[in-house]
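Structural overview
Listed below are the residues making up each chain.
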Amino acid sequence: MTERPFLPFTRPTIDEATIEGVAEVLRSGWITSGPKVKEFEAALSEHFGGRPTRAFNSGTCTMEIALRIAGIGPGDEVITTPLSWVATSNVVLEVGATPVFVEIDPATRNLDLERVAAAITPATRAIIPVDLAGLPVDRDRLYRLAASHKLRVIEDAAQSFGSSWAGRQIGTFGDLVSFSFHPNKNITTIEGGCLVMNNATEAALAEQYRLQGVVRSGPDGMDVERVGGKFNLTDVAARVGLGQLPHWAEFKARRHALAKRYFEHFEKAGATELGLELPLADFANTNWHMFQVVLPEDRLSVTRAQIMDQLSARAIGSGVHYPAIHLFSLYQRLGWKAGDFPVAERVGRNTLTLPLFPMMQDDDVDYVVENLVELVKAHRR
Ligand SMILES: *Cc1c(COP(=O)(O)O)cnc(C)c1O
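Note that the structure is a prediction, hence the values are computed from the model and not measured.

About the criteria used
- Residues numbered from 1 in each chain as written.
- Predicted model: local features only at pLDDT ≥ 70, side-chain atom pairs only at ≥ 80, totals over all residues.
- Heavy atoms only, no water.
- Helix = DSSP H or I, 4+ residues; strand = E, 2+ residues; numbered from the N terminus.
- Rg over C-alpha atoms; globule rule 2.2 N^0.38 Å.
- Buried < 20%, exposed > 50% of the residue type's maximum accessible area, 1.4 Å probe, protein only.
- Near = heavy atom within 4 Å.
- Polar contact = N/O pair within 3.5 Å; in protein donor to acceptor, adjacent residues only side chain to side chain.
- Nonpolar A, V, L, I, M, F, W, Y, C, P; charged D, E, K, R; others polar.
- Salt bridge = Lys/Arg side-chain N within 4 Å of Asp/Glu carboxyl O.
- Expected span 1.5 Å × (residues − 1).
- Core = buried A, V, L, I, M, F, W, Y, C linked by side-chain atoms within 4.5 Å.
- Contact = heavy atoms within 4.5 Å.
- Axes fitted to C-alpha atoms, helices over the stretch in contact; angles between N-to-C directions.
- Parallel < 35°, antiparallel > 145°, perpendicular 65-115°, else oblique.
- Left-handed = near helix turned anticlockwise from the far one by under 90°.
- Domains from an automatic or database assignment.
- Buried area = accessible area lost by both parts, 1.4 Å probe.
- Pairing = 2+ DSSP bridges.

Quick notes on the overall build of the chain
From N to C terminus, the chain includes 13 helices and 13 strands. Here the C-alpha radius of gyration of the chain, 21 Å, is about what a compact globule of 381 residues would show, namely 21 Å. Judged by the C-alpha coordinates and their principal axes, the chain covers about 70 × 55 × 35 Å. Taking all 381 residues of the chain together, the buried fraction comes to 57%.

Pasting the structure below:
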């Protein structure tokens, strides 16, 4: 149908210096956790204003470890959003605690903090806010709420590396802040993540949970006081991260420019009149991790899957981030049901992630908008 090369919804930017650096690590004789992980952690800590930071092999175990550091387990409730990657609430189950979902705000698509206050019970121990698409949850209100109820906050900032709140980078302040370096995120280590903590005690615990609970002393001393997992990052992965970190601001600037162009072209094409819901036009706080539209299900004669197939036939990739978590079988078995969170359910059914990544061209945006608008018009009912 078209000669255009396929445009994925995302793609990492890896430069030649990083590829060369990875080759050096592979030739060095030490490829798992070692000097590169230490160097990466130091660079991350500097990025986060000197706060203790440790790296892990995913942004999922990072969240689980944060919950363990906060001492959260059986009998505890943790409030979170139903509109996230399922890792966010799976880790709550993993530590034996109970996830409590709260409806989202339709404008930000993030946790509705007003409703969070109403969901707090004597068993509530923590809140896990998610900065969906990189758009930060209101940190002022969040931390006021947490402080007044003595709750821990485990920020699932998997998508918001480089985002800020009131001029301060996410991670440079707050309680426990978790990032992911999955290839789809704004910077990557292939797989990986990091946790920003409050003090050396938490950092020491993080190291134990990361590797079998082991505590070393001297050249041969070893003790194990608690159960830990196998969550260490490799030096190969850390070297990828070291090659990414210096570029975060430039990646973010490019994402901003592309997002601006999406808004301009969607507005010109009359997208809102067609019922397409655009994301919040934020250019102060978000890192534009994703550009997501919500399809007008009541005004379309086709399904989202059909729209995705037809975009794909025009060489345009798209994604779904995410279906509402509480409707997954596992969560329905825990008592959640359709109708519990109508906004999250509607967004989950109709959200569509459009291509957005630093190497994308301006005219790729034009092409996506033109084709999506054409499809929405063609299938109007
Ligand atoms: C990517 C992501 C995670 C998990 O990160 P992994 O590195 O893939 O384990 C958790 N929460 C959110 C919101 C994410 O987007």
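A look at the site of the ligand
In the vicinity of the ligand lie 16 residues, with Gly-59, Thr-60, Asp-156, Ser-180 and Lys-185 positioned nearest. Between an oxygen atom of the ligand and a main-chain N or O atom of Gly-59, the distance comes to 2.8 Å. In the environment of the ligand, an oxygen atom lies 2.8 Å from a nitrogen or oxygen atom belonging to the side chain of Gln-159. Elements represented by at least two residues in the shell around the ligand include exactly helix 3 (59–69) and helix 4 (87–94). Residues that form the shell around the ligand fall into these classes: 5 nonpolar, 9 polar and 2 charged.

Regarding the pattern of salt bridges
Scanning the entire structure with this criterion turns up 21 salt bridges. Arg-4 is the salt-bridge partner of Asp-364, the closest N and O atoms lying 2.5 Å from each other. Here Asp-364 is found in helix 13 (residues 362–378), whereas its partner Arg-4 is found in the segment before helix 1 (16–27), with 360 residues between them in sequence. We classify Arg-4 as partly exposed; its relative accessible area is 26%.

Digging into helix 13
In a regular helix each residue adds 1.5 Å, so 17 residues correspond to 24 Å; helix 13 covers 25 Å between its end C-alpha atoms and thus fits that length. Residues of helix 13 that are buried include every one of Asp-364, Val-365, Asp-366, Tyr-367, Val-368, Val-369, Asn-371, Leu-372, Val-373, Leu-375 and Val-376, and no others.

Digging into the nonpolar core
Grouped together as the largest cluster of nonpolar side chains are 32 residues, with contacts concentrated most on Tyr-262, Phe-266, Phe-291, Val-293, Leu-354 and Leu-372. Residue assignment for this core shows that the elements contributing at least two residues are helix 9 (248–268), strand 12 (291–294), helix 10 (304–313), strand 13 (351–354) and helix 13. A per-element tally of this core places helix 13 first, with 8 residues. With residues near it in sequence (within four places) discarded, Leu-354 still touches Phe-9, Tyr-262, Phe-266, Phe-291, Val-293, Val-368 and Leu-372. Core analysis: the next-biggest nonpolar cluster, separate from the first, contains 25 residues, Cys-61, Ile-65, Ile-128 and Ala-206 among them.

Remarks on helix 9
Here helix 9 spans 30 Å end to end across 21 residues, near enough to the 30 Å set by a 1.5 Å rise per residue. When we look at burial in helix 9, the residues that qualify are Phe-251, Lys-252, Arg-255, His-256, Leu-258, Ala-259, Tyr-262, Phe-263, His-265 and Phe-266. Buried residues along helix 9 sit against helix 8 (235–244), strand 12, strand 13 and helix 13. Backbone geometry just downstream of helix 9 places Gly-270 in the positive-phi region, at approximately 70°.

Some points on the packing of helix 3 against helix 4
Running from N to C, helix 3 and helix 4 point in directions that differ by 45°, and their axes come no closer than 9 Å. Classified by the interaxial angle, the pair formed by helix 3 and helix 4 is oblique. The crossing of helix 3 and helix 4 is right-handed. Residues Thr-60, Met-63, Glu-64, Leu-67 and Arg-68 of helix 3 form the contact with helix 4, whose participating residues are Ala-87, Val-91, Val-92 and Glu-94. Split by residue class, the contact of helix 3 with helix 4 holds 5 nonpolar, 1 polar and 3 charged.

Things to note about the domain arrangement of the chain
Here the chain is partitioned into domain 1 (16–246) and domain 2 (248–378). In this structure, domain 1 and domain 2 have C-alpha centres spaced 26 Å apart. On the side of domain 2, 35 residues touch domain 1, which itself brings 41 residues to the contact. Of all residues in domain 1, Phe-101, Arg-109 and Asn-186 give up the largest surface area on contact with domain 2, accounting jointly for 22% of the area buried on that side. The tally of links between domain 1 and domain 2 comes to 0 salt bridges. Run the count over domain 1 and domain 2 and you get 21 residue pairs in polar contact (both at pLDDT 80 or more). Taken together, the elements giving at least two residues each to the side of domain 1 that touches domain 2 come down to helix 4, strand 3 (98–101) and strand 6 (164–165).

As for the pairing of strand 9 (residues 193–196)
Residues Gly-193 and Leu-195 of strand 9 are buried on one face, and the alternating residues Cys-194 and Val-196, pointing to the opposite face, are buried as well. Two strands pair when backbone bridges link them, and strand 8 (residues 176–180) and strand 9 are joined in this way by 4 bridges, in the antiparallel orientation. Considered in strand 9, the bridge of Phe-179 is made with Cys-194.

Structural notes on the sheet that holds strand 5 (residues 152–156)
Strand order in the open sheet formed by 7 strands is 1-9-8-5-4-2-3, with mixed pairing between adjacent strands. Strands at the two margins of the open sheet, each flanked by one partner only, are strand 1 (53–56) and strand 3. Here the average twist between neighbouring strands, direction ignored, is 25°. Note that strand 2 (residues 77–80) and strand 3 share 4 bridges and pair parallel. Counterpart to Glu-77 in the pairing with strand 3 is Thr-98. Docked against the sheet, helix 2 (residues 35–47) engages strand 1 and strand 9, running at close to 130° with respect to strand 1.

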